[in-house]
Amino acid sequence: MDQGDALALTALGDPTRARILRLIRDSEGGRALVGRLAEALSLRQPTVSHHMKALHDDGVVVREPEGRRVWYSIATVHADRVDALLGDRFPAETEPDLDRIADDLAVRFRGVFGRETVHAKVVESCELLARGPRSSMLASRTATFAATRLEALARAESTATGVPRVLFVCVQNAGRSQLAAGILRQLAGDRVAVSTAGSEPAGEVRHTIVAALDEIGVPLGGEFPKPLTDEAVRAADVVVTMGCGDACPIHPGRRYLDWDLEDPVGKPIERVRAIRDDIEFRVRGLLHELVPQSSGSVPHNK
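1. Brief notes about empty space enclosed by the protein
In this approach, a probe sized like a water molecule rolls over the atoms, and the result shows the empty space that is left.
Turning to step 1, where the next piece is worked out: A full pass over the atoms with the stated rule returns two cavities of 30 Å³ or more.
Turning to step 2, where the next piece is worked out: Of the voids in this model, the largest cavity is the one considered here, and its volume is about 130 Å³.
Turning to step 3, where the next piece is worked out: As for the largest cavity, its lining consists of 14 residues, of which Leu-129, Pro-133, Ser-135, Arg-141 and Pro-225 are closest to the centre.
Turning to step 4, where the next piece is worked out: Elements with a contribution of two residues or more to the lining of the largest cavity: helix H7 (115-130) and helix H8 (138-157).
Turning to step 5, where the next piece is worked out: With three residues, H7 is the single largest residue contributor to the lining of the largest cavity.
Turning to step 6, where the next piece is worked out: The residue inventory of the lining of the largest cavity, partitioned by class, reads nine nonpolar, three polar and two charged.
Turning to step 7, where the next piece is worked out: Its boundaries defined by the atoms lining it, the second largest cavity holds a volume of some 30 Å³.
Turning to step 8, where the next piece is worked out: Lining the second largest cavity are Arg-19, Leu-41, Leu-43, His-207 and Val-210.
Turning to step 9, where the next piece is worked out: Tallied by class, the residues present in the lining of the second largest cavity amount to three nonpolar, one polar and one charged.

Here it is as structure tokens:
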């Protein structure tokens, strides 16, 4: 994989980093300070600093010290690539190279799935994502979504037991399910495997959700809204639905929970915080059932 592909599949796979780069690119002079980025994104400064370090380590941005201040700008060598990935319209010349993605994943899943199976999942994953709002990160998201589906398929077909797996499903996979998944990951660590999906996925995780999680020290990571697929349900031990009705397929041997939660769409941050705290209470109860005597903490900064 060349440097340009690596940028597409890693650095911009995280939606927060994509928003940071868009702000830098569109700012006066094409450069920005961490403090101003944090304010624009409604995130804590340490969170933005963490992302800036990752982008700098990858060579995507450059540092420009000026007295006590440090400005960040997009590295010239990556400027065209970043423009292509972040542009409002997705240029035809940067459409995902599905064969390249399939080749990379075929190596990763060698001995588990043949290349034909891998390629079929890649094509189908791209088509599913493309049905929703168009994203400038379609290439990286196709690779990530296809890999997630192949991992789920492998688990569903395996008889081996492992850590309990929880799937959170809501309508847009941009609010309630992301809150629940982020909190459970933080509390459980590697004791529970967590995934999310949406019956009608949105284009991006909502900014208020990112901010509400950041307030309690929970990173969103590279999460993005994903369509609900059959293998995701088959691979789960517990499926938690949140307002998505009967869209979730039923498979024997899975535990299904339906959490009646207020939809945070369009709500002010104060209501989103209340929904987040309700979800945290429920997640803690679920974690105690799955991993008795578990101890985890989500540090509330109030």
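2. Side note on the sheet that holds strand E1 (residues 31-33)
Turning to step 1, where the next piece is worked out: Judged by pairing direction, the sheet is antiparallel, and its three strands sit side by side in the order E1-E3-E2 without closing on themselves. Two strands bound the open sheet, and with one partner strand each, they are E1 and strand E2 (61-66). Strand after strand, the sheet turns through a mean of 35° between neighbouring axes, direction not considered.
Turning to step 2, where the next piece is worked out: Bridge count between E1 and strand E3 (residues 69-74): three bridges; the pairing is antiparallel. Bridge pairing in E3 links Arg-31 to Ser-73.

So, how was this worked out
- Residues numbered from 1 in each chain as written.
- Predicted model: local features only at pLDDT ≥ 70, side-chain atom pairs only at ≥ 80, totals over all residues.
- Heavy atoms only, no water.
- 1 Å grid on protein atoms, 1.4 Å probe; cavity = no way out; pocket = protein on both sides within 12 Å on 5 of 7 lines; lining within 4 Å.
- Points joined across faces, edges and corners; volume = space filled by probe spheres on them.
- Helix = DSSP H or I, 4+ residues; strand = E, 2+ residues; numbered from the N terminus.
- Nonpolar A, V, L, I, M, F, W, Y, C, P; charged D, E, K, R; others polar.
- Pairing = 2+ DSSP bridges.
- Axes fitted to C-alpha atoms, helices over the stretch in contact; angles between N-to-C directions.

Function cannot be read off these values alone, since they describe shape.
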